[in-house]
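Take a look at the letters that make up each chain.
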Amino acid sequence: MRRRLWTSLIGVVLIVLATLVYNVATDNTPILGLDLQGGVSVILAPVEPASEQDLIIIRDLIRDELERRGIAEPDVRVQGQTIVVDLPGVRDQGDALSAVDVSGVVELRPVVNFSDCPAPDTSAPALGLGEDTATTVAPATSEPAGFRRPQSPPADSLPTDSIPADSIPTGTTPTDTSPVDPVVNEPVPVTPTVTGAELLPTRDGSVVCVGPAQGTGEVFSKGSAQLTGDQGWGVAVDLRSDGQATWNALANECYNATPTCPSTQPGVRGQIAIVLDDVVQSAPQVNQPNFAGSVAITGDFSKAEAEDLVNVLNRGAFPVQVEAQEARTVSASAGSDSLQAAIVAGLIGMLLVVVLLIAYYRWLGLVIVGGLIVWAGMVFSMASFVSGWTNYALSLAGVTGIIVAIGVTVDSYVVFFERIKDELRNGRTIKNAAPRSFKMTWRTIWSADVVSLIGAIILFMLSVGSVRGFALYLGLTTICDLLVCYFFTRPAVLLLSQSKLMQKQEHVLGMNVATA
Amino acid sequence: MTLDNTISSSGLGRLFKGQTAIDFYGHRRIGLYTAVIIVIVTVVSLFTQGLNLGLDFEGGDAWDIPASETFGVAEAEQVLSDNGISTADARIQLRSSETSDVVTVQVEELPREQAAKVTADFADAAGVTSQDVSFSFTSSTWGSEITKKAIRALVVFIIIVSIFISIRFEWRMALAAIAAMVNDVVAAVGVYSVFQFTVTPATVIAFLTILGYSLYDTIVVFDRVEENEGKFAAVRMPYQDVVNISMNQVLMRSLMTSFSSIIPVLSLLILGSGIMGAVALQEFALALLVGMISGVYSSIFIATPLLAWLKRDVGRKTYRDRLVGDDLRAMVMGAGARARMATETAASTDGEGDDGERGLVSTGIGQPADQLLTHPPRPRKKKRR
């Protein structure tokens, strides 16, 4: 028993010491927030004049996107006609520029031709597009079979991908959906030559000629896109009630291979290119003239590609496109003295607490001192690791939160020692009282800390921004509290209570006890 | 045997020795009234003057001033304070790139004339023309989306914590703990509303910290209540007595914990923001201080009396007067369920009212504690070697 206690005690001290040394040696310290350390600021400007409303929408979208990518607690605001993004914990301006390279505008454009633009030539379509072009569009409820093609197909194998519309289950045939029918019947302006066609790059570097945008990402209902993975990765997305008309108009064109959306090779229906910030993400073939409610985009996506598309569709498009103008390093907003003041005040506060506790608990107070040091080391190490992984910055609020956590940590000692006192009053010896007391104390501490942990986990999962950062540090300090309590305080107090030193004491915890 | 278990003659002494016999349940109205007053004051204040939302919530004015060797953050601060604008709520940053440095100053929205004057002052101080100082409005950084998500997270948190407490303890404890927590947060929000302190994202964090702290403190107290409930179940101890006994037993722990939590915050307030002048800490520390005091207070005076009231007639068959005075003291000191008062005099102190602390006249005081117990702990035998 004693040996296990010693193992636990020495083990925890060594582990904390080792991680601390590792962190100090590798200069791995917690990232400090914008208010404490500053960061890099990137100014984004819309390419065309935008209303304040649009800028606010873009602000929220950028913020969401940054958080999704794990850049924690960015400070995004609209200033005048620009959007200012302050990123904590980023030191390099180039990194910052690429970090806020958040794509904005989703366009739906008919595919005119692969390779070159001017004259559509159906005879020899260059198979310029990579795997993500071999995609098909079908109602989400139907699972087309056999759309996958060989990894490196010869050009003539492409047509086999297409699924005739009549092979689609009747439950999802367009005729079921009366609301869209009028739109389908609307005469589509047929222009003999495709005007406004542009050559756009695809994600794998080749080019595609696409016609003018006939719709934006707005046709999809936001947040409805889902990753589907039954037969290769794909994306299912719902159409918005008002977006359905736009989508179907375009789909109808492509299905019928009208000149605006011609068939790029014989036997292949027209294709709709989904363009994100002037890069073709995917150019699925249209397998039916109109769609009811939802669209499934399947094909040779890699999982990451499909996820990207889901993200873009879910996040919603920017009303206008924004461009990064410049990056600047930005100084701490709270002033450099704030952190120093917080740390000094925190340390002095901690010192006072320790003095109070030693005065009150005497010898056992020393355990608190040791425990607090171990706890502080553990919190520092964990914070360093976590900010290395997640980019969560420690703001002034976080620092003060940790100072408050000192109180909660000390509480576990207080609960423990008060319990020991109760037992001593009942005439037990310290040796006997300590293990009994710990059992009761552990129950209490565990229950109370689990409540804190639940709070931390839920706030972390469901909220954003600084609330999330708070949750992270609440969780960290609580876990450290539990660990220190079990692996340090318990063995330390139990060993001390068995030691000759304590056995001989007539005053334990500032009270007279029965000496054995 | 050197047990010094005389009932201390001073209140403080009894406190240290865990010999208090305060009738918390009898004083439940104090807690109730304070809670009601706090809620009323907060609600009235919220409706009449609301909260003073800061830059991050409401947006404001922003200036970009070319920085130079003679004009930096400190100079910008000087201009603001010359214009009577609090620098505590302003955000002043130096933004530097390879080509140029800019001081960005953001403050809460000012009247147009004042803003124009500040622009001119900045230009003067920086030694440039007013045209070189760009003035614009800045939006909030804390979008409504963040608030929405935070509130949703809070609601889920409260539901799940209630379920956890209901499983680990019981639903009445969940209710009482949540009520106490709400009281604490309301108290802290009230301070911000009444004194019109600026609410920043850090303030929101402070409120959340308070929330967590309050729950933590209440759970620790409830754990003892639950333990005693089992202990006294055999004698059908009225719940009010269980609560009173538990409260007296954890009183010292509550006080010690409060001291050790509040000292660092006080240090932050007095040393950090007062002496070292980090104004950013001041209001934050104040919110924490109020919340933590309230957190400890509410565990004792709101959560537990509420719990006792909720359980006032759950599964109890005997209805007798609450234990007070030395009867209570004996129980607090762990005399066990079957204890009787050893001293007849102590047992007949019913006329003394319900106030144990007032019971300095209580006959038990000054007597050896053993006299309170029928079964004093058996003296330890000499250790056999």
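Residues numbered from 1 in each chain as written. Chains lettered and ligands numbered in written order. Predicted model: local features only at pLDDT ≥ 70, side-chain atom pairs only at ≥ 80, totals over all residues.

Asker: Lay out the confidence of the model for chain B in plain terms, naming residues and giving numbers.
Answerer: Residues and elements named next belong to chain B. For chain B, the average pLDDT comes to 76, and 78% of its residues sit at 70 or higher. Per-element confidence in chain B is highest for helix H7 (residues 171-194), whose mean pLDDT is 89, and lowest for helix H12 (residues 344-347), whose mean pLDDT is 38. Per the prediction output, this complex has pTM 0.70; the corresponding ipTM is 0.75. (pLDDT = per-residue confidence, 0-100. Helix = DSSP H or I, 4+ residues; strand = E, 2+ residues; numbered from the N terminus.)

Asker: Quick one: what's the story with the nonpolar core, residue by residue and with numbers?
Answerer: Grouped together as the largest cluster of nonpolar side chains are 156 residues, with contacts concentrated most on Ala-177, Ala-287 and Leu-288 of chain B. Per-element accounting of this core gives the leading share, 18 residues, to helix H10 (residues 279-310) of chain B. When residues no more than four places from it in sequence are discounted, the contact partners of Ala-287 of chain B are Ala-188, Val-191, Tyr-192, Thr-203, Ala-206 and Phe-207 of chain B. One finds Phe-220, Ala-251, Ala-296 and Val-312 of chain A within the second-largest nonpolar core, a separate group that totals 39 residues. (Core = buried A, V, L, I, M, F, W, Y, C linked by C-beta atoms within 7 Å. Buried ≥ 20, exposed ≤ 12 C-beta atoms within 10 Å, placed from the backbone. Contact = placed C-beta atoms within 7 Å.)

Asker: For the pairing of strand E4 (residues 101-108) of chain B, give the residues involved together with the corresponding values.
Answerer: Residues and elements named next belong to chain B. Across 7 bridges, strand E2 (residues 60-66) lies against E4 in antiparallel orientation. Across the sheet, residue Asp-64 finds its bridge partner in E4, namely Thr-104. Here 6 bridges tie strand E3 (residues 91-96) to E4, and the two strands are oriented antiparallel to one another. Within E4, the position partnered with Arg-95 by the bridge is Val-102. The antiparallel hairpin formed by E3 and E4 contains 4 residues in its connecting segment. (Pairing = 2+ DSSP bridges.)

Asker: Break down the packing of helix H11 (residues 430-462) of chain A against helix H6 (residues 144-168) of chain B for me, with residues and values.
Answerer: Interhelical geometry of H11 of chain A versus H6 of chain B gives an angle of 150 degrees and a closest axis separation of 9 Å. The angle between H11 of chain A and H6 of chain B falls in the class roughly antiparallel. Considering only the axes of H11 of chain A and H6 of chain B, their crossing is right-handed. Taken together, the residues of H6 of chain B that come into contact with H11 of chain A (itself represented by Ser-447, Val-450, Val-451, Ile-454, Gly-455, Ile-458, Leu-459 and Leu-462 of chain A) are Lys-149, Arg-152, Ala-153, Val-156, Phe-157, Ile-160, Val-161, Phe-164 and Arg-168 of chain B. Residues of the contact of H11 of chain A with H6 of chain B, tallied by class, amount to 12 nonpolar, 2 polar and 3 charged. (Axes fitted to C-alpha atoms, helices over the stretch in contact; angles between N-to-C directions. Parallel < 35°, antiparallel > 145°, perpendicular 65-115°, else oblique. Left-handed = near helix turned anticlockwise from the far one by under 90°. Nonpolar A, V, L, I, M, F, W, Y, C, P; charged D, E, K, R; others polar.)

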